Amino acid sequence: FTIRRFTIPLIVPHRVDLVAVREILMEVAAADALVLDEPRTQVRFKGFIPEGAQVELVVWVERVRLLEVQGGLGWRIHRALSDRGLDLTPRRRDER
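Numbering of residues begins from 1 in every chain and follows the order in which that chain's sequence is written. The model is predicted, so local features are restricted to residues of pLDDT at least 70 and side-chain atom pairs to those at 80 or more, both for listing and for counting; the totals for chains, interfaces and linings are taken over all residues. As a convention, hydrogens and water are excluded, and side-chain values are obtained from all of the structure's heavy atoms.

A. The arrangement of the nonpolar core in detail. Core analysis: the largest hydrophobic core is formed by 26 residues, its most contacted members being Val21, Leu57, Val59, Leu73 and Ile77. At the level of elements, β1 (3-13), α1 (18-31), β3 (52-62) and α2 (66-83) are the ones that each hand at least two residues to this core. Two residues qualify as a contact provided that any one of their heavy atoms is within 4.5 Å of a heavy atom in the partner residue. Setting aside residues up to four positions removed in sequence, Val59 forms contacts with Arg4, Arg5, Phe6, Ala29, Val35, Thr41 and Leu73. Residue types Ala, Val, Leu, Ile, Met, Phe, Trp, Tyr and Cys, when buried and joined through side-chain atoms within 4.5 Å, form a set referred to as a nonpolar core. The buried label goes to any residue with under 20% of its type's maximum accessible area, the exposed label to any with over 50%, and the partly exposed label to all in between, with areas taken from a 1.4 Å probe on protein chains only. The numbering of helices and of strands both runs from the N terminus, where a helix is a DSSP run of H or I of at least 4 residues and a strand a run of E of at least 2.

Given below as structure tokens:
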């Protein structure tokens, strides 16, 4: 296969706007030149757990570029979330 699927799982705490996180994930993926347009990027909702909502970003990349995407996409997501004031860090039990 010449292309590979790459998935980044995330837990979005209940206090964080899930729709905003989805929008940011899609924007970051769209801005990455190594992420392919087809098959389309997806943000999949996996379910709720006590800590929040489980989602995953699914992108497709050229197989030979997979390590580059693995090495950079997560950092860009973290930066984009941080720049918009969204913190996915789970709260400690004593903060709830």
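B. Structural context of α2. One less than the number of residues in a helix, times 1.5 Å, gives the span that helix is expected to have. Counted at 1.5 Å a residue, the expected span for α2 with its 18 residues is 26 Å, and the 26 Å between its end C-alpha atoms agrees. Bend at a residue means the angle formed by two fitted axes: the first through the 7 residues ending at that position, the second through the 7 residues beginning there. Approximately 25° is the largest bend angle found in α2, and it occurs at Gly72. The inward-facing, buried residues of α2 contact β1, α1 and β3. Count one or two residues on from α2 and you reach Gly85, which has phi positive near 75°.

C. Just the layout of surface pockets, in detail. Grid points spaced at 1 Å over the protein atoms alone were grouped into cavities, where a 1.4 Å probe fits but cannot get out, and pockets, open sets with protein on both sides within 12 Å along at least five of seven lines, with lining residues defined by an atom within 4 Å of a point. Grid points are joined across faces, edges and corners, and a volume is the space filled by probe spheres set on the points. Its volume calculated, the largest pocket comes out at about 170 Å³. Lining the largest pocket are Ile8, Leu10, Gly74, Ile77, His78, Leu81, Ser82, Leu86, Asp87, Leu88 and Thr89. The dominant element in the lining of the largest pocket, judged by the number of residues it contributes, is α2, at five residues. Throughout this entry, Asp, Glu, Lys and Arg are counted as charged residues, while Ala, Val, Leu, Ile, Met, Phe, Trp, Tyr, Cys and Pro are counted as nonpolar. The remaining residues, Gly among them, count as polar. Residue classes in the lining of the largest pocket are distributed as six nonpolar, four polar and one charged.

D. Region of interest: the sheet that holds β3. Ordered in space as β1-β3-β2, the three strands form an open sheet in which the pairing is antiparallel. Because the sheet does not close on itself, it has two edges, and the strands there are β1 and β2 (42-49). Across this sheet, the average inter-strand angle for adjacent strands is 20°, counted without regard to direction. Judged from the eleven bridges that link them, β1 and β3 form a sheet pairing that is antiparallel. Bridging across to β3, Phe6 finds its partner in Val59. Of the strands in this sheet, β1 and β3 are in contact with α2, which crosses β1 at around 20°. A pair of strands counts as paired when DSSP detects no fewer than two bridges linking them. A fitted line through C-alpha atoms represents every axis, and for helices the fit uses only the stretch in contact; the resulting angles, taken between N-to-C directions, go from 0 to 180 degrees.

E. Representation of the environment of His78 within the structure. Mapped onto the secondary structure, His78 falls in helix α2. The sequence separation of His78 and Leu88 amounts to ten residues, and the corresponding C-alpha distance is 9.1 Å.

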